[in-house]
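# Examining the three-dimensional arrangement
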Amino acid sequence: MADQMSSDYFSCPLCTELLRDPVAIPCGHSFCMDCISGYWNEADYTGIYVCPQCRITFTQRPVLRPNATLTKVAEKIKKTGLNLNLMPPSNGSFAGPGDVPCDYCTGKKLKAVKSCLNCLASYCEKHLKPHYESATFKRHKLVDELGNLDRKICPQHQKSLELFCRTDQMCICAICTVSEHKGHDIISAEAERGEKQKLLGVSQAEIRQKFQQRTKELEELKTAVDSLKSSAQRTMAESKKMFDEMITSIERMRSEVTKLININERAAFSQAEGLMERLEQEIDELKKKETGLKQLYSTEDHIHFLQNFNYLCTPTDDGFIPRVSLNPDFSFSAARKAVAQIKEKLEELGREELRKVTKSVNEVPVYTLEKRTKEKSTRVKEVYTVDSAPPAEPKNRSEFLKYYCQLKLDTHTAHKELYMSEGNKKVIRTRDLQPYSDNQERFDSFAQVLCREALSGGRFYWEIEWSGEFSIGVAYRGISRKGKGSLCLLGYNNKSWSLLCSDSGYSAWHDRVDKAVNGPHSSRIGVYLDHPAGVLAFYSISETMTCLYRFETTFTEPLYPGFGVGTSVKICQLK
């Protein structure tokens, strides 16, 4: 026992190894400097710091103080090689999060190797020895380690469940046969298991057959999709080529019209320029003659008057320049009208032909489903086609609700501080870590979670209720999940878009760029996604529906709704 206490005293509760650079926190417990620093770095997001051992909460991050005494002891242990039982014994290993622990180990429990169905307990190799060595346990039934052994005990009588009640279809103990299940059709659990195992074989065969059938259908569908993709790409390439040729032809027509107008403009300008020059010369001559007449009229020299009278009073030669008469109807409006008519005819032809193309594409079935009716002998075929004409964007809440989609939170992505309830519709942030398994999809540094549903190729709408600061948005599947970098946060990368909500206001985020958002505060937020159109909009929901922010972009992958949870988030049931 002294060795075990020494092991606990000089080992770090977080890494369970010999303390490295030991530090003490205000509650008196000691940890490795790196272990406790890393543990509290994850709490910087909330500002609440908890001792991993006694669970005391600190509202401010405590200052880590080196423990000089433990440092010296740890160094001495390393130098002397003193064995403090920090490593698991040779005949077993410590139980991890997914292992079944030994029920008889004290302190740090070893991993169980067997479970006894008579004792309803699990044992490590050391504590299992009596079952092999003592005659008392010779008849006990040992099986590979099992968890939840308490489920094998009758909750009412605390006896082993050894029988099966066919009347109530449940496992019972011996006392149940003379009380609640008296007079019922009762059989041993072993016998019932034999009967049900026969049915299990039949079910396995049916499932195997259905699996093979579905696998074949999947392969055929994949082949059809690949063929459809190739056909679509080929058609798009050919259509682009033909549209490019039409655009080139229109550009050539525009060039001819522009050239024609320019030639006529230059010719008219050249003619008018010569005529304007001659008119300006005649105007100058008339001005000079008018000035001479004024001077002659006012002279007092009779001889000078008579000598210049005949020259200055000679009538103006009207034949010098032909009279200029402007055509009031002259303009290029006729050409403009002709071009407008070409545009109108092209647009009308384009609309008509596009309707034909749309109809021909939509009438081709994408796939056919055969659905059984209540009479198994009859089948109903449902043909699915594509409707490529998008309806108008919704304008009020009743129209948005037409696109309501059911969402569920994905526990495989949830941070370990997030607790799910109400059928994975509600998530609460807790101080206690949840027993989620470690996987590549889980957010390990930020209290975030994604939904199961991948949204693509259509319109979707959902609403949530929230409390505490939180973020709501969508993300591609490839968003980073690991590490403390901000690239894992919704809206802080080019793979996600989000709205950050708090009591003080809103801000919209994408690729680390934020934009302040003005709008009424509401505990309910609506989200509208039009994936093909690249629209993601957030709405404040109260008596009225107010648009808070609208992203307009191009989505290249399916999107997963997600949340960064401050206190709680609930996905609303709208239908």
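Above this text sits the structure in question.
Summary of the structure given here. (Residues numbered from 1 in each chain as written. Predicted model: local features only at pLDDT ≥ 70, side-chain atom pairs only at ≥ 80, totals over all residues. Heavy atoms only, no water.)

## Details of the packing of helix 5 (residues 189-298) against helix 6 (residues 302-312)
- Two numbers describe how helix 5 lies on helix 6: the axes approach to 10 Å, and their chain directions differ by 150°. Here helix 5 is positioned roughly antiparallel relative to helix 6, judged by the angle of their axes. Considering the relative orientation of helix 5 and helix 6, their crossing is left-handed. For the pair helix 5 and helix 6, contact is made by K289, G292, L293 and L296 and by H304, F305, N308, F309, Y311 and L312, respectively.
- Residue composition of the contact of helix 5 with helix 6, grouped by class: six nonpolar, three polar and one charged. (Axes fitted to C-alpha atoms, helices over the stretch in contact; angles between N-to-C directions. Helix = DSSP H or I, 4+ residues; strand = E, 2+ residues; numbered from the N terminus. Parallel < 35°, antiparallel > 145°, perpendicular 65-115°, else oblique. Left-handed = near helix turned anticlockwise from the far one by under 90°. Contact = heavy atoms within 4.5 Å. Nonpolar A, V, L, I, M, F, W, Y, C, P; charged D, E, K, R; others polar.)

## Side note on the pattern of salt bridges
- Counted by the stated rule, this structure contains 16 salt bridges.
- Residue R429 pairs with E417 through a salt bridge whose shortest N-O separation is 3.0 Å. Here the residue R429 occupies a position in strand 15 (residues 426-429), and E417 occupies one in the loop between helix 8 (397-400) and strand 14 (418-421), the gap between them amounting to 12 residues. Summarising the burial analysis for this pair, R429 and E417 share the class buried.
- Its salt-bridge partner being E465, residue R524 comes within 2.7 Å of it at the nearest N-O pair. Taken together, the residues R524 in strand 22 (residues 524-530) and E465 in strand 17 (residues 459-467) connect sequence positions 59 residues apart.
- Judged by its relative accessible area of 33%, E465 falls in the partly exposed class.
- Through salt bridges with shared partners, a single network forms among R397, E463, E465 and R524. (Salt bridge = Lys/Arg side-chain N within 4 Å of Asp/Glu carboxyl O. Buried < 20%, exposed > 50% of the residue type's maximum accessible area, 1.4 Å probe, protein only.)

## Some thoughts on the sheet that holds strand 10 (residues 170-172)
- Ordered by their spatial adjacency, three strands build an open sheet running 10-9-11, and the pairing between neighbours is antiparallel. At either margin of the open sheet sits one strand with a lone partner, and together these are strand 10 and strand 11 (186-188). Between one strand axis and the next, the sheet turns by 35° as a mean value, whatever way the strands run.
- Where strand 9 (residues 163-165) and strand 10 come together, three bridges link them in antiparallel fashion. Within strand 10, the residue paired with F164 across the bridge is C171.
- Of the strands in this sheet, strand 9 and strand 11 touch helix 5, which is tilted by about 90° from strand 11. (Pairing = 2+ DSSP bridges.)

## Re the nonpolar core
- Membership of the largest hydrophobic core comes to 40 residues, with the highest contact counts inside it found for W462, I464, I472, L499, L536 and F563.
- Tallying contributions element by element places strand 17 first for this core, with four residues.
- Contacts of I472, omitting those with residues within four sequence positions, involve W462, I464, W497, S498, L499, C501, I525, V527, F538, G562 and F563.
- One finds L18, C32, C35 and L64 within the second-largest nonpolar core, a separate group that totals 17 residues. (Core = buried A, V, L, I, M, F, W, Y, C linked by side-chain atoms within 4.5 Å.)

## A short note on the sheet that holds strand 24 (residues 545-552)
- Pairing is antiparallel across the open sheet formed by seven strands, whose spatial order is 14-15-26-17-22-23-24. Only two strands of the sheet have a single neighbouring strand rather than two, namely strand 14 and strand 24. Ignoring strand direction, the axes of neighbouring strands in this sheet form an average angle of 20°.
- Pairing of strand 22 with strand 23 (residues 535-541) involves six bridges; the strand directions are antiparallel. Within the sheet, the bridge partner assigned to L529 lies in strand 23 and is L536.

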